[in-house]
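# Chain and residue survey
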Amino acid sequence: DFFGVQEEKEVPQLLEEEPNKNEPIDVSTMTLVDIVNSMPEGAAKKQIQEHMEDGELDMTRSDLDAFLEEFVSGQAPDLSNEQVEIIKDTFHGKINDFFGVQ
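Our subject in this report is the structure included herewith. (Residues numbered from 1 in each chain as written. Predicted model: local features only at pLDDT ≥ 70, side-chain atom pairs only at ≥ 80, totals over all residues. Heavy atoms only, no water.)

Our focus in this paragraph is helix α2 (residues 43-54). Taking 1.5 Å as the rise per residue, α2 with 12 residues should run 16 Å; its terminal C-alpha atoms sit 16 Å apart, in good agreement. Taken residue by residue, α2 has Lys45, Ile48, His51 and Met52 as its buried positions. On an axial view of α2, the arc spanned by its buried residues comes to 125 degrees, and they lie on one face. Across from the buried face of α2, at angles greater than 90 degrees, the exposed residues are Ala43, Lys46, Glu53 and Asp54. On its buried face, α2 is in contact with α1 (32-37), α3 (57-75) and α4 (81-99). (Helix = DSSP H or I, 4+ residues; strand = E, 2+ residues; numbered from the N terminus. Expected span 1.5 Å × (residues − 1). Buried < 20%, exposed > 50% of the residue type's maximum accessible area, 1.4 Å probe, protein only. Arc of directions from axis to C-beta. Contact = heavy atoms within 4.5 Å.)

Checked against the element boundaries, Phe71 lands in helix α3. Under the relative-accessibility criterion, Phe71 is labelled buried at 13%. Distance in space between the C-alpha atoms of Phe71 and Pro40 is 10.0 Å, their sequence separation being 31 residues.

Okay, structure coming up:
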């Protein structure tokens, strides 16, 4: 966090960079652009990229949340709700950074 007030939480590992490498991506060190670029190709990714280009913070956030929920239920169903919330909070921080919001 910018002011160092947020306590450091362990961000659960989410996406596999390359399936054969089995090395999860640490989203906490990535920018929003990195995260979106690592998403699978498809409508959700395209939509989020368009929202980012249009400066639509709320739309970016809601679409990224929706993608995350869908991704977790399909790819990582063993993540706890708490872990999913931590990832969401991390994503929201990245979104705020990208749009220059405190």
